Amino acid sequence: MSATLAPPPHTGVPPHPRRWAAAVVMMIGALMDLLDTTIVNVAIPSIGRDLHASTGDLQWTVSAYLLGFAAALIVSGHLGDRFGRRALFLTGIAGFGLASLACGLARTPGQLIAARAVQGLLAAVLVPQVIGSFRTLFQGKERGAAFGMYGAVAGFASAIGLLLGGLLTDADLFGWGWRSVFLVNVPVAAATLVAGALLVPATKERSAGRPDLLGSLVLAAALVAIVLPLVQGRQNGWPLWGWICLAAGALALAGLAVLEARRRGAGPVPLLPSRAFRLPAFSVGVLVQLLFSLGMQGFFLVFAVWLQAGQDYTPMQAGMVTVAFSAGSFLTAPAADTLAVRYGRLVLGAGALLMAAGFAWVGAAVAGSADAHTGAWPLAPGLFVAGAGLGFLVVPLVNVVLSAVPADLAGGASGIFSTAQQFGGALGAALIGTVFFGHTQDGPTQALGAAMPWVTGGFIGCAILCALLPRAATSRPTDA
């Protein structure tokens, strides 16, 4: 879920008469991205069998989408601010639908991975326009309600993505099997494109600066350079080129940050605003977001594979197991923001510890079953506790962290925060997936047992970092 904070002041312009209709249309567009982040996980084993994909191919099927999104997100927001959000939203919707069609028609792993990367890029084009448009179309309490709707839909999508993926794969509509999880986007995108052309107004920021296109290319190359050796290294015996690639990616990120910090005078809008990173609350918060996404995406990738390959669950049954996780998050999410305003980082730290404890329970239940059929019930308490922790950690994280960021940095900080989420997910699929697939020769249960300490450790790291966050969120008015 993309973050927003500190919207612009009232402009005195009357509100757009069709603003709520436009908001619904744009939320449907954003929903496709929110679902596609997780919906593919349950279909991964079916994709592997049908396309004869390697384990690295399966990891790339998840990571390519997240990397594409992370690489293009920040610059797409700047482009929409400068040249008009409506045009970029419609472009993103049309492109996302075509990329989804390409995913559904893919005949080789390479074709699917390439289409997924393009799908992620186009998702990054459309999503920032939704957030930017909401900030322009709504004021006062309406703006809070609009962003509340976005948060509710984002939580709903995260909760049902795995379940919907299992349902579509098992339903085998028209004999499409796993391809349904992609092809379902095509009619939705077409309808949204028509409705968007009719209902979404054109908005942009008159003071928007020039986007840093060269910096965006460097950022994209750096992210790919970091993830590539993590996915391919195990299959290739961890060659020297992988370590060089990893170091080059890290150095490129550091170099980009240093160059932008030293830039003076007129020029492109910085991708990595150094002033924001000098704020401890923001820099620590970005790390919390990254570690959270690493653990979440990595866990649900390997968990879905284990349920089907190791426990003989159907895709639908695998999706149903995650209902306990969704129930936990639905229980705590409504109260999380209120509690965080009062108790601040203690709520987030407690959420991270609950997630660590919940996933540790799952790991213990799996280890205790050896190679026997575990069943859903021993896993359900751990998944429920982890889901409850999710509500306490993720829902208030944006406000607790970004409330420390000055209003003039809010847009860039929000983009960085969302990029960390996507990049963390790609790292999780690469790192935790590599651990899991590296132990599959010992059996699926042993492989999941080897991966679970990494998942649990990620959330323990989140809890430790949460101790460095502000004691409480600094609430801001919706029209600061």
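Just so we're clear, the structure is a prediction, and the values are computed from it rather than from any experiment.

Moving on: the environment of Asp312. The residue Asp312 is located in the loop between α12 (280–309) and α13 (315–321) in this model. Here Asp312 is in contact with Leu307 and Gln317, once residues within four sequence places are set aside.

Unusually for a residue other than glycine, His52 sits at a positive phi of about 55°. Residue placement: His52 occurs in the loop between α2 (44–51) and α3 (55–83). Even without being glycine, Asp172 reaches a positive phi, approximately 55°. Inspection of the secondary structure puts Asp172 in the loop between α6 (140–171) and α7 (180–183). A relative accessible area of 39% means that Asp172 is categorised as partly exposed.

Right, let's get into the packing of aromatic side chains. If you walk through the whole model with that rule in mind, you get 13 aromatic pairs. Between Phe299 and Phe359, the aromatic rings sit 4.4 Å apart at their centres with planes inclined by 50°, giving tilted as the arrangement. With Phe299 in helix α12 and Phe359 in helix α15 (residues 345–368), the pair connects residues that are 60 residues apart, well separated along the chain. Consider the rings of Phe359 and Phe459, whose centres lie 5.4 Å apart with planes at 25°: the pair is stacked. In this pair, Phe359 is assigned in helix α15 and Phe459 in helix α18 (residues 444–466), connecting sequence segments 100 residues apart. A residue is classified by how much of its surface remains accessible, and Phe359, at 0% relative accessible area, is buried. Take Phe459: its relative accessible area is 0%, and that puts it in the buried class.

Together, Trp238, Leu240, Trp243 and Ile244 give the surface a local cluster of nonpolar side chains, amounting to about 480 Å² of exposed area. Structurally, the position occupied by Ile244 is in helix α10 (residues 240–262). Residue classification places Ile244 among the exposed positions, given a relative accessible area of 52%.

The next subject is the side chain of Ser180. Here Ser180 lies in helix α7. For Ser180, the contacting residues outside a window of four places in its chain are Leu168 and Leu173.

With that out of the way, let us pick up α12. Its 30 residues place the ends of α12 43 Å apart at the C-alpha level, agreeing with the 44 Å of an ideal helix rising 1.5 Å per residue. Extensive coverage of α12 is indicated by the burial of 25 of its 30 residues.

Chain-level pLDDT for the chain is 83 on average; 88% of the residues reach the 70-or-more range. Segment residues 1–12: pLDDT under 50, and 42 contacts once partners within four positions in sequence are set aside and those in other chains are kept. Overall, residues 475–480 carries pLDDT values under 50, and its contacts beyond four positions in sequence, including any with other chains, amount to 21 contacts.

This next bit is on empty space enclosed by the protein. Summed over the entire model, instances satisfying the criterion amount to 2 cavities of 30 Å³ or more. In this structure, the largest cavity spans a volume of roughly 50 Å³. Those elements that provide at least two residues to the lining of the largest cavity are α9 (213–232) and α10. It is α10 that contributes the most residues to the lining of the largest cavity, 3 residues altogether.

Let us now look at the pattern of salt bridges. Scanning the model with the defined rule gives 2 salt bridges in all. The closest approach of N and O atoms between Asp36 and Arg116, which form a salt bridge, is 3.7 Å. A residue pair is termed long-range when its members are at least 10 positions apart, and Asp36 in helix α1 (residues 19–36) and Arg116 in helix α5 (residues 109–137) qualify at 80 residues. Since its relative accessible area comes to 1%, Arg116 is described here as buried. In this structure, Asp50 and Arg179 form a salt bridge, with 3.4 Å as the shortest nitrogen-oxygen distance. In this pair, Asp50 is assigned in helix α2 and Arg179 in the loop between α6 and α7, connecting sequence segments 129 residues apart. The partly exposed category is assigned to Asp50, whose relative accessible area is 41%.

Turning our eyes to something else, we now look at the side chain of Gln129. Along the chain, Gln129 falls in helix α5. Within the local environment of Gln129, its side chain forms a polar contact with the backbone oxygen of Val125, the two atoms lying 2.9 Å apart.

The rules behind these values
- Residues numbered from 1 in each chain as written.
- Predicted model: local features only at pLDDT ≥ 70, side-chain atom pairs only at ≥ 80, totals over all residues.
- Heavy atoms only, no water.
- Helix = DSSP H or I, 4+ residues; strand = E, 2+ residues; numbered from the N terminus.
- Contact = heavy atoms within 4.5 Å.
- Buried < 20%, exposed > 50% of the residue type's maximum accessible area, 1.4 Å probe, protein only.
- Phe/Tyr/Trp six-rings, centres within 6.5 Å; stacked < 30°, edge-to-face > 60°.
- Patch = residues over 30% accessible without salt bridge, like charges linked within 9 Å, V, L, I, M, F, W, Y side chains within 5 Å.
- Areas by Shrake-Rupley, 256 points an atom, 1.4 Å probe, with all protein chains shown as cover.
- Salt bridge = Lys/Arg side-chain N within 4 Å of Asp/Glu carboxyl O.
- Expected span 1.5 Å × (residues − 1).
- pLDDT = per-residue confidence, 0-100.
- 1 Å grid on protein atoms, 1.4 Å probe; cavity = no way out; pocket = protein on both sides within 12 Å on 5 of 7 lines; lining within 4 Å.
- Points joined across faces, edges and corners; volume = space filled by probe spheres on them.
- Polar contact = N/O pair within 3.5 Å; in protein donor to acceptor, adjacent residues only side chain to side chain.

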